[in-house]
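Architecture at a glance
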Amino acid sequence: MTNPSAQIIGQRVPKMDASAKATGKATYGHDVRLPGMLHGRILYSRYPHAKIVNIDISRAKNLRGVKCVLTSADNPSHLFGYGKDNRPFKAIARSLRDEIAGVVAIDPDIAEEALELITVEYEPLPAIFSPKGALAEGAPLIHPERKSQSNMFHSYRYAHGELEQGERESDVVIEASYTVPYVTHACMETSVVVAQFDLRDHLTLWSTTQIPFLLQRDLSEALGISGSQIRIIQTAVGGAFGRGLDIYPYEPIAALMARKVGQPVRLAFSRHEEFTAGPARQPVEVKVRAGAKSDGTLTFRDVFCMLDVGAYISWGSVTPLVMMETTASLYQVPHVRFQADCVYTNNLITGAMRGYGNPQSTFFVETIMDRLAEALRMDPVEFRVHNANVPNSETPQGLIITSCGMKECLEAVAANADEGAKHNASAPVSNTARSVAVNRPLTAKDSPHLKRGIGFAATLNVGGGARIYRSDGCGATVKVDDFGHVTLITGSTEIGQGSETVLAQIVAQTLGAKMEDVTVLNSDTDIKPWDVGVHASRTTFIAGNAAYLAALDARSQIFETAAELLKAKPEELLSNNGSVTVKDDPKRSVTIAQAARSRHFKEGGKVILGEGWYDPPTKLVDKDTYKGNISAAYGFGAQMAEVVVDTETGKVRVLRLVCANDVGFAINPMAVEGQIEGGAQMGLGYALTEELLVKNGKILNPDLLDYRLFTSADMPEIKSIIVETDDPKGPFGAKGVGEMGGTPTAAAIANAIYDAVGVRMTQLPMTPERVLAAIMEKEKTE
Amino acid sequence: MRPFNHFSPTTLSEALSLLAEHNGKAAMIAGGTDLLLKMKAGLRKSDVVVNIKRLSDLRCLTFDAANGLKLGALTTLRELTRSPIIFEHYPALAHTAHIMASEQIRSLATVGGNLCNAAPSADLAPPLIALDALVSLIGPAGERQLPLADFFTGPGKSVLQPGELLKEITLPPPVGQTIYLKHSPRAYMDIAVVGVAVRILLEGDVCREARVVLGAVAPVPLCAHQSEEILAGQTLTDKRILQAAKTAAQECSPIDDVRGAAWYRRRMVEVLLKRGIKSIQ
Ligand SMILES: Cc1cc2nc3c(=O)[nH]c(=O)nc-3n(C[C@H](O)[C@H](O)[C@H](O)COP(=O)(O)OP(=O)(O)OC[C@H]3O[C@@H](n4cnc5c(N)ncnc54)[C@H](O)[C@@H]3O)c2cc1C
């Protein structure tokens, strides 16, 4: 695939939007201002489960500056959402985040004031806040209209091999229970939308969505208008991480508001609202049993998960597909049983979040791996390598693994483990006041209560798209114009991950154009071709292949014309750095610009317009067995964490995180490192500090003070190792890496904590309090 | 946020009469890093906000060996971290300010705001009390001075009367060594789960004077007098230190909340106090 002379792919090219973002020049959703724009605010339910008996909006309507007040009476008749269980405004509230009314006013403060003037009479209904409670006999139904007459939304059941045989063959068996919490994306930019109807009754929506084309369809359903009446314009996105993968009620609400007032309406979440009304990563209760033979070969895994999906169905309810993949296919396991029950409760809704089930499942799978290695008295890395996935294999689940650098990743991080000992002798391990008092950094020698440990974990993630919908496709066009300017119009979406830059590199490389001549358009459904959306680490692979095909098409058009101009055959040409040259006679050359112009300035001329559509050769998983090859490539990774545990406070400090990832080929190594480090930051928060505390359906810490993101000051040294395996189907051999960075982190840290102090942490986050409690428990039993 | 009237008096008397005029209903704003958060969240509603940042009477940072330190209420946390005077004579205060919030917040946040906000977790309260700070309050009834230890009356509550403001803090010349240890999950940007200040005057091995003040484990910053008594006049053996630490853990009355469980807070009082004393030794 490579064009031998050009040097654009594989380079550390800075992100195309970096300077605009660093200087505040980028236009984010919150920056959108339209003439005559009004502001909407939403009133949420006071009770987690209640009937609205009466609602009086008259006082709010009469407040000066208020344009309209909407309630469930203004709902279109259609249900929307993945579970078809949602409406813009609710007549029955099923959670505290339920929208009861909305106000449009000339400014957000007046709208807010008007909310206080709405009087709602509720009839509270019995509410349920745990999946177990929701499944109990006689539990009140959260959606009584559902045919199943049960709060169980779906029970996923998967199996391969014969579990009993696996158990029989096991020399060691480990059993454990795990709890992982609600966490949330905590995007720097809170959710925001601006909606405007024109006189044709066409809706334009400025949005931070990750799925512009699916949102178009979802909105058309919710509003009862045709998708062709809806145009989505994507602004610069201040963080997405899966938040933007679904339609949420505020979007149709903004549209309803804009339609009612006949003016553009902006609806922007406060930080508090972002926590309380946004989606969260679903909490899971897990029971795991797993076994291995004395030679270190895995025998079976048996996993039961209970998921709280909240009051309405969003993508959180589909994450078992990924948990199942980790359970069945991370390492070679001959016998597997997996069950995940997704249950409605009156809690907050759960959605997609970076890793999509994988951080949860990798936490339990990889800590169990550590326990098995220990039980077998095997080195944890050797044990993992022994069972690792291998290239050109098919897992019992039907994943077709082509390129695979799992072993290389494990070995690469293990090679870095020894450095820790050196580190330990001199590095500061505590920043307490004592180091101020003695005016030198503390070392482990000063502090017998500080214990060091290292831990490992690996990960498997889809890296060649993921067929969740019938199509996993993406379209692209490449236009070349006067001056040799190249415009890539891609269906894919930029959410800060750097896809624009990588796609431009692919196009520049393929065309032989200069990087600075490439512009990427990717933000308007009226302009760009269709794409499923940005999820599942798919953009470089899928949109990259589409862009590559479009660029090839454009190149052949350029070569056709250049061949005429140079009196050569197209096969004799090559392009590089903006010029097309005859291979064997480099003096014969025209610029791409000249070739393009000559097509415009002749009779019967043509534009240079390349087109590409890529839909990977994968299958939807079978709807009963969940087997099938969901992705055209799989990414692998491993991490080694080095920690220091304070045995008196339970505080865990991560000194180093070494991350190796098999990305096939790094089209832009700097962007890969950015993904790994950014993922690690989220993984560290998931492991140690982040948790939405939810009691009776209410979030107790809906602010950035007590929802503790991992800050720059907490970050350890991160070493990123890029492993390249040249994927046969990836563009230039590349595979996705967007989600892997944070997936194995919690397990690696948990395993390091065990190495340091001998306690097995089974609940996230591993807060000082939980670690200390575990240490005290261990001391008691000793 | 709701609209409000904003006044920016330039003299103390102007400020006091403005405050009096509004019957003590006006909110005073210094750095605003506590106040504005509360106003935005609707936890505090005020139609009038009086900016006190222009009052030069509330600004000073002077030290002399005989009288000690005078610290104006408007001193920012950043100034505490940068002042050579503080660094030389009261390094524990510089250290405390340094581990609070972030550089951006520290350059807005004031000492007066931290104290008057009266959070049980206010980081500056324990070390200042341990250093025997006095506070000068000025209001319609004139000026009065009292120990900072007597200033707090409950979460968010102090002896400040309507229309009264905190002018300055006075510290006697430093005696012994002081240290403040804060327990929080992250390196910065966290409110203390537990804060422990300890000041010890050693004569050889013997502790001549001891102050132990605990933050975030009682409705107000708490002076652990029983623990102090165990230390005062005694040789600081490991056993005695542990006894003092355990006693302090029993003296406090922490609650379970989103930042920590009561049992854990007690335990941290014990650990931090032990570490604090040992590091002074
Ligand atoms: C991100 C963040 C991190 C933080 N981290 C910490 C931390 O680590 N530790 C900590 O203790 N605090 C922390 N805080 C809280 C806050 O920054 C401090 O309490 C700060 O010192 C408050 O000072 P201020 O000048 O901003 O107070 P303001 O918000 O201006 O005032 C606070 C209260 O005191 C009153 N007031 C202020 N000055 C006077 C005066 N002279 N006389 C009478 N009343 C007065 C005001 O009316 C108001 O009620 C943090 C806050 C934020 C936003």
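Residues numbered from 1 in each chain as written. Chains lettered and ligands numbered in written order. Predicted model: local features only at pLDDT ≥ 70, side-chain atom pairs only at ≥ 80, totals over all residues.

Quick look at the interface of chain A and chain B
Where interface size is quoted, it is often the accessible area lost as the parts come together. Put simply, the test is: Here, residue contact means that the backbone-derived C-beta atoms of the two residues sit within 7 Å. Every helix listed is a DSSP run of H or I at least four residues long, and every strand listed is a run of E at least two residues long, numbered separately from the N terminus. Each residue is assigned to one class: nonpolar for Ala, Val, Leu, Ile, Met, Phe, Trp, Tyr, Cys and Pro, charged for Asp, Glu, Lys and Arg, and polar for all the others, Gly among them.
Across the contact, 23 residues belong to chain A and 23 residues belong to chain B. Among the secondary structure elements, those contributing two or more residues to the side of chain A that touches chain B are α14 (433-438) and α20 (768-781) of chain A. Per-element tally for the side of chain A that touches chain B: the top contributor is α14 of chain A, with four residues. Across the side of chain A that touches chain B, the residue classes break down as nine nonpolar, seven polar and seven charged.

What about the sheet that holds strand β4 (residues 61-64) of chain B?
All names here are of chain B. The test is simple: Only when DSSP finds a minimum of two bridges between them are two strands counted as paired. Axis lines are fitted through C-alpha atoms, for helices just across the contact stretch, and the angle between N-to-C directions can take any value from 0 to 180 degrees.
Read from one edge of the open sheet, five strands run β4-β5-β10-β6-β7, paired in antiparallel fashion. Where the open sheet ends on each side, the last strands, each with one partner, are β4 and β7 (142-147). On average, adjacent strands in this sheet sit at an angle of 20 degrees to one another, irrespective of strand direction. Note that strand β5 (residues 68-72) and strand β10 (residues 165-171) share four bridges and pair antiparallel. Each residue of the ladder has a partner; that of K70, found in β10, is T170.

Thoughts on the domain arrangement of chain B
Residues and elements named next belong to chain B. What counts here: The split into domains, and so the bounds of each, comes from an automatic or database assignment of domains.
The domain architecture assigned to chain B consists of domain 1 (5-51), domain 2 (56-171) and domain 3 (177-280). Here the C-alpha centre of domain 3 lies 21 Å away from the C-alpha centre of domain 2. The partner domain 3 presents 23 residues to the 21 residues of domain 2 that form the contact. At the level of secondary structure, the elements contributing two or more residues to the side of domain 2 that touches domain 3 comprise α5 (91-98), α8 (125-130) and β8 (152-154). Per-element accounting of the side of domain 2 that touches domain 3 gives the leading share, five residues, to α8. Grouping the constituent residues of the side of domain 2 that touches domain 3 by class yields 14 nonpolar, six polar and one charged.

A short note on the nonpolar core
Formally: Here, a nonpolar core denotes buried Ala, Val, Leu, Ile, Met, Phe, Trp, Tyr and Cys residues that are linked to one another through C-beta atoms within 7 Å. In this scheme the burial state of a residue depends on its C-beta neighbours within 10 Å: 20 or more other such atoms mean buried, 12 or fewer mean exposed, and anything in between means partly exposed; the C-beta positions come from the backbone.
Core analysis: the biggest nonpolar cluster contains 327 residues, and L488, V507, A547, I749 and I753 of chain A together with V269 of chain B have the highest contact counts within it. Top element by residues in this core is helix α16 (residues 539-566) of chain A. It accounts for 14 residues. With near-sequence residues (within four places) excluded, V269 of chain B lies in contact with V194, V196, L214, V217, A248, A249 and C252 of chain B.

Some words on unusual backbone geometry
Residues and elements named next belong to chain A. Cis geometry marks the peptide bond from L764 to P765; its omega dihedral reads -10 degrees. With respect to the secondary-structure elements, P765 resides in the loop between α19 (745-757) and α20. We note that S537 has phi near 50 degrees; this positive angle belongs to a residue other than glycine. Position of S537 among the secondary structure elements: in the loop between β21 (518-521) and α16. Residue N696 is not a glycine yet carries a positive backbone phi of 50 degrees.

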